[in-house]
Amino acid sequence: MREAMATADVGDDVLDGDPTLDALARRVADLLGVEAALWTPTGCMANAIALMDHLERGDRFLAPAGAHVLEAELGTSAWLAGGLPAPLPHGAGPGRPTPDGVVAAAGTAGPYFGLRTRLLCLENTHNSAGGAVTPVAEHRALVAAAHDAGLAVHLDGARIWHAAVALGVAPAELVEGVDTVSVCLSKGLGAPMGSLVAGSATFVARAWRLRKMLGGGIRQGGVVGAAGLVALDGIADLAADHEHARLLADGLRARGWPVSTPDTNIVLVPTTDAATVVAGLADVGVRAVPFGPGVRFVTHRDVSRADVEAVLERAAELPVPA
């Protein structure tokens, strides 16, 4: 990846285009089955661009409770896009709202002075729900319900690669029907930075202007775009990360830890005292982070099966989290 970055063919992406970023955008658009895509420095910027395009100031948007756009983007949906967020309960399982829930929350058109709901934001996989995957059929039903209710749909697909590998489907199947989608090149794929926001060619033409407005205009972006192209070559490798996460979860559960089987590469341990658990793990040389009402482990391309087995051996020295 570093060699590709050092030898990247570059131009000026603000003026007349960068050939490597152009190649990356075409490849991602093809993978997602959409017309066009645009590279952004971060996933937060990609989501902000989509919401700024979909919403007018004061519009309400729906998203599953705990979604990244609700909890982890410093309120940019309200601050920059002017949207009023409304969380949806996980009626179909972790991270997954139901079509009926979408329809009920969307409501019906009222008088001009009524609150206007314009957008549904989905997230696949749902990060705070432990990397939970929404299957293809459920995705299609949610998109159909939203469109029938007059809503546009944005998919935060930062971890869409994980969902596709876990389900054994092409990423495009999990993007079907949405109006816009964001994807990340660092989530498990190993690029040092970069996301893309994608959709119709008309949307992406507007997204260029919004990216510049947010300070995302770049010059020789091919240097980081080259890393993204290499990262995409490693999508299939995510299956090993998922296997290692299941090995970790099974091993912790066998030692009495309250762990459920992960869909992808995130293992959540519910506990009432995350700080003590994290400190105990650190004492035996294991790094984890407090996350919601518990502790989170994430397996990735730099974590081997031997590393997971070492974690399990060291965790055996610790008390079972309460």
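Values in this document were obtained by computation on a predicted structure and should not be read as measured data.

*Asks:* Help me out: how do you make sense of the packing of aromatic side chains in this one?
*Replies:* How two aromatic rings sit relative to each other is given by the distance of their centres and the angle of their planes. If you walk through the whole model with that rule in mind, you get one aromatic pair. Taking the centre distance of 5.3 Å and the plane angle of 85° together, the rings of Tyr-112 and Phe-113 count as edge-to-face. Taken as a pair, Tyr-112 and Phe-113 share a single burial class, namely exposed. Between the NZ or CZ atom of Arg-211 and the centre of the ring of Trp-208, over which it lies, the distance is 4.9 Å.

*Asks:* Would you mind showing me how to read the nonpolar core here?
*Replies:* Across soluble globular proteins, nonpolar side chains have a tendency to be buried as a group. Core analysis: the biggest nonpolar cluster contains 46 residues, and Trp-161 and Leu-196 have the highest contact counts within it. Setting aside its immediate chain neighbours within four residues, Trp-161 contacts Leu-31, Leu-32, Pro-171, Val-183, Cys-184, Leu-189, Leu-232, Ile-235 and Leu-238. The next biggest cluster of nonpolar side chains, apart from the first, holds 23 residues, and it includes Val-278, Val-286, Phe-297 and Leu-312.

*Asks:* How should the pattern of salt bridges be read in this particular structure?
*Replies:* Pairing is possible between side chains that carry opposite charge, provided their charged atoms lie close to one another. Evaluation of the coordinates by the stated rule reveals 13 salt bridges. Between Arg-206 and Asp-53 there is a salt bridge; the shortest N-O distance is 2.6 Å. You can see Arg-206 sitting in helix H9 (residues 201-213) and its partner Asp-53 sitting in helix H3 (residues 43-54), a full 153 residues away along the chain. Its relative accessible area of 39% is what places Arg-206 among the partly exposed residues. Two residues, Asp-250 and Arg-253, come together in a salt bridge whose shortest N-O distance is 3.0 Å. Note that Asp-250 and Arg-253 are positioned in helix H11 (residues 238-254) at a spacing of three residues, about one turn of the helix. Through salt bridges with shared partners, a single network forms among Glu-56, Asp-59, Arg-116 and Arg-118.

*Asks:* Even after reading the chapter, I still don't get the pairing of strand E10 (residues 294-298), so can you show me in this structure?
*Replies:* In regular strands, side chains alternate between the two faces of the sheet. Most of E10 is tucked away: four of the five residues are buried. Here strand E9 (residues 289-291) runs beside E10; their pairing, made up of three bridges, is antiparallel. Across the sheet, the residue bridging to Pro-290 is Val-295, located in E10. Linkage of E9 to E10, two consecutive antiparallel strands, is achieved through a turn of two residues, within which Gly-292 is found at a positive phi near 55°.

Criteria and thresholds
- Residues numbered from 1 in each chain as written.
- Predicted model: local features only at pLDDT ≥ 70, side-chain atom pairs only at ≥ 80, totals over all residues.
- Heavy atoms only, no water.
- Phe/Tyr/Trp six-rings, centres within 6.5 Å; stacked < 30°, edge-to-face > 60°.
- Buried < 20%, exposed > 50% of the residue type's maximum accessible area, 1.4 Å probe, protein only.
- Lys NZ or Arg CZ within 6 Å of the ring centre and 35° of its normal.
- Core = buried A, V, L, I, M, F, W, Y, C linked by side-chain atoms within 4.5 Å.
- Contact = heavy atoms within 4.5 Å.
- Salt bridge = Lys/Arg side-chain N within 4 Å of Asp/Glu carboxyl O.
- Helix = DSSP H or I, 4+ residues; strand = E, 2+ residues; numbered from the N terminus.
- Pairing = 2+ DSSP bridges.

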